[in-house]
Amino acid sequence: MIELRNVSFEYTDFRGEKKELLKEISFKIEENERVVLLGINGSGKSTLLKILDALLFPQTGSYLYNGTEIKKKSFKKISRTFRKEVAFLMQDPNMLLFNATVQEEIEFGLRQFGFDAVEDRAVEIAKRFGLEKYLDTPPFYLSGGEKQRVALAALIAVEPKILLMDEPSANLDPPTTGWLIDLLSDMEITTLISTHNLSLASEFGDRALVLSHQHRLIFDGAIDQFIGNQELMMQANLLHKHKHRHGSIEHAHFHLHDWE
Ligand SMILES: Nc1ncnc2c1ncn2[C@@H]1O[C@H](COP(=O)(O)OP(=O)(O)O)[C@@H](O)[C@H]1O
Ligand SMILES: [Mg+2]
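Scope of this entry: the structure provided in the associated data block. All values derive from a computational prediction rather than experimental measurement.

### Regarding the site of ligand 1
Part 1 of the reasoning: Tyr11, Leu21, Ile40, Asn41, Gly42, Ser43, Gly44, Lys45, Ser46 and Thr47 make up every residue found near ligand 1.
Part 2 of the reasoning: At a separation of 2.9 Å, a nitrogen atom of ligand 1 approaches a polar side-chain atom of Tyr11.
Part 3 of the reasoning: With respect to ligand 1, the backbone of Ser43 contributes an N or O atom lying 3.3 Å from an oxygen atom.
Part 4 of the reasoning: In isolation ligand 1 has 550 Å² of accessible area, and contact with the protein removes 56% of it.
Part 5 of the reasoning: Top element by residues in the shell around ligand 1 is helix α1 (residues 45-52). It accounts for three residues.

Here it is as structure tokens:
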């Protein structure tokens, strides 16, 4: 479904210095896979998700969606199908909300993609997302977690094939995170979810892609296997060795940290 071949991405900062954000990244994701993207802050997770959503384009290497190369020049030709099938829940839901009411927000995509019974569908999905009482409310008035639910409802309404989510648990309280995990597990959809919360990772998927601080893909495989590998965890800056002092006795041992 999704394939990256040797993708690198760099940007030029305000000093004119080039900085690589992704280095020679290759992987494939097949339909209905549940994949988690792990990496500390600054490792390139959001950049990778933006490439997969065709908001950014690889500078070297290639990105194939169902066998078609996603290129800036030719993107217009496939953008309608691509935008319908690939949904991206950005980390900041404010980026996705621009309509006057929650109902209009959910209806927007449905209209754009030519669905019938738009109003009924919007109400139905609002119910599923616990948003019924907010249908007439401007998204602007909602809390961060509620905004995120509205943004997700609007994305799910158009029945995408793949859902990319950038640190969805960052805005959510524990019950809502539990609700999200249940919602996703009941859906037939491919997901790639970035998180720096290792304890949540295995709730969101069974396969992990891990980016190192040096912007390379250092692991692609079963999450359990990654968590069991001390060397890789250290490479991903997840495991630290600390010195301790207990009275006059000093010793050092490994600590597992949640992602910063
Ligand atoms: N266009 C850009 N201009 C300047 N800095 C950027 C740009 N895109 C990303 N960065 C920086 O690159 C680093 C990695 O980006 P990001 O993909 O957001 O990592 P992550 O999502 O893993 O935290 C961050 O430190 C970010 O500030
Ligand atoms: Mg990010």
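After that view, the rundown keeps rolling.
### Here's the deal with the sheet that holds strand β1 (residues 2-12)
Hydrogen bonds between backbone atoms are what pair the strands of a sheet, whose relative direction is either parallel or antiparallel.
Part 1 of the reasoning: With respect to topology, four strands assemble into an open sheet ordered β2-β1-β4-β5, the strand pairing being antiparallel. The sheet is open, and its two edges are formed by β2 (18-29) and β5 (68-69), each paired on a single side.
Part 2 of the reasoning: One ladder, built from five bridges, connects β1 with strand β4 (residues 60-65); its direction is antiparallel. Considered in β4, the bridge of Ser8 is made with Thr60.

### Here we look at the pairing of β2
Part 1 of the reasoning: In the sheet, β1 pairs with β2 via eight bridges, with the strands oriented antiparallel. Within the sheet, the bridge partner assigned to Phe9 lies in β2 and is Leu22.
Part 2 of the reasoning: Counted along the chain from β1 to the antiparallel partner β2, the turn is five residues long, and its residue Gly16 has a positive phi close to 85 degrees.

### A word on the packing of helix α3 (residues 102-112) against helix α5 (residues 144-157)
When two helices pack together, you describe them by how their axes are tilted relative to each other and by the distance separating the axes.
Part 1 of the reasoning: At a minimum axis separation of 8 Å, α3 and α5 run at an interaxial angle of 30 degrees. Our classification of the angle between α3 and α5 gives roughly parallel. Between α3 and α5 the crossing geometry is right-handed. Contacts between α3 and α5 pair Val102, Glu105, Ile106 and Leu110 from the former with Val150, Ala153, Ala154 and Ala157 from the latter.

### Side note on helix α2 (residues 75-85)
Part 1 of the reasoning: Taken residue by residue, α2 has Phe75, Phe82 and Glu85 as its buried positions. Down the axis of α2, the buried side of the element spans an arc of 85 degrees, and every buried residue falls inside it. Turned more than 90 degrees away from the buried face of α2, the exposed residues are Lys76 and Arg80.
Part 2 of the reasoning: For α2, the secondary structure elements touched by its buried residues are α1, β4, β6 (86-89) and β7 (162-166).

### Some points on α3
Part 1 of the reasoning: Every buried residue of α3 is listed here: Val102, Gln103, Glu105, Ile106, Glu107, Gly109 and Leu110.
Part 2 of the reasoning: Contacts from the buried residues of α3 go to α4 (118-128) and α5.
Part 3 of the reasoning: Trailing α3 by a residue or two, Gly114 shows a phi angle of about 70 degrees, which is positive.

### Considerations on the packing of aromatic side chains
Part 1 of the reasoning: A full pass over the atoms with the stated rule returns seven aromatic pairs.
Part 2 of the reasoning: Taking the centre distance of 5.4 Å and the plane angle of 75 degrees together, the rings of Phe129 and Trp179 count as edge-to-face. You can see Phe129 sitting in the loop between α4 and α5 and its partner Trp179 sitting in helix α6 (residues 174-185), a full 50 residues away along the chain.
Part 3 of the reasoning: For Phe129, a relative accessible area of 1% corresponds to the buried category.
Part 4 of the reasoning: Ring centres of Phe219 and Phe226 lie 5.3 Å apart, and the angle between their planes is 45 degrees; this geometry places the pair in the tilted category. The pair Phe219 / Phe226 is uniform in exposure class, with both members buried.
Part 5 of the reasoning: By way of ring pairs, the aromatic residues Phe57, Tyr65, Phe75 and Phe82 are connected into one cluster.
Part 6 of the reasoning: The ring of Trp179 is capped by Arg149, whose NZ or CZ atom sits 6.0 Å from the centre of that ring.

Scoring rules and cut-offs
Residues numbered from 1 in each chain as written. Chains lettered and ligands numbered in written order. Predicted model: local features only at pLDDT ≥ 70, side-chain atom pairs only at ≥ 80, totals over all residues. Heavy atoms only, no water. Near = heavy atom within 4 Å. Polar contact = N/O pair within 3.5 Å; in protein donor to acceptor, adjacent residues only side chain to side chain. Areas by Shrake-Rupley, 256 points an atom, 1.4 Å probe, with all protein chains shown as cover. Helix = DSSP H or I, 4+ residues; strand = E, 2+ residues; numbered from the N terminus. Pairing = 2+ DSSP bridges. Axes fitted to C-alpha atoms, helices over the stretch in contact; angles between N-to-C directions. Parallel < 35°, antiparallel > 145°, perpendicular 65-115°, else oblique. Left-handed = near helix turned anticlockwise from the far one by under 90°. Contact = heavy atoms within 4.5 Å. Buried < 20%, exposed > 50% of the residue type's maximum accessible area, 1.4 Å probe, protein only. Arc of directions from axis to C-beta. Phe/Tyr/Trp six-rings, centres within 6.5 Å; stacked < 30°, edge-to-face > 60°. Lys NZ or Arg CZ within 6 Å of the ring centre and 35° of its normal.

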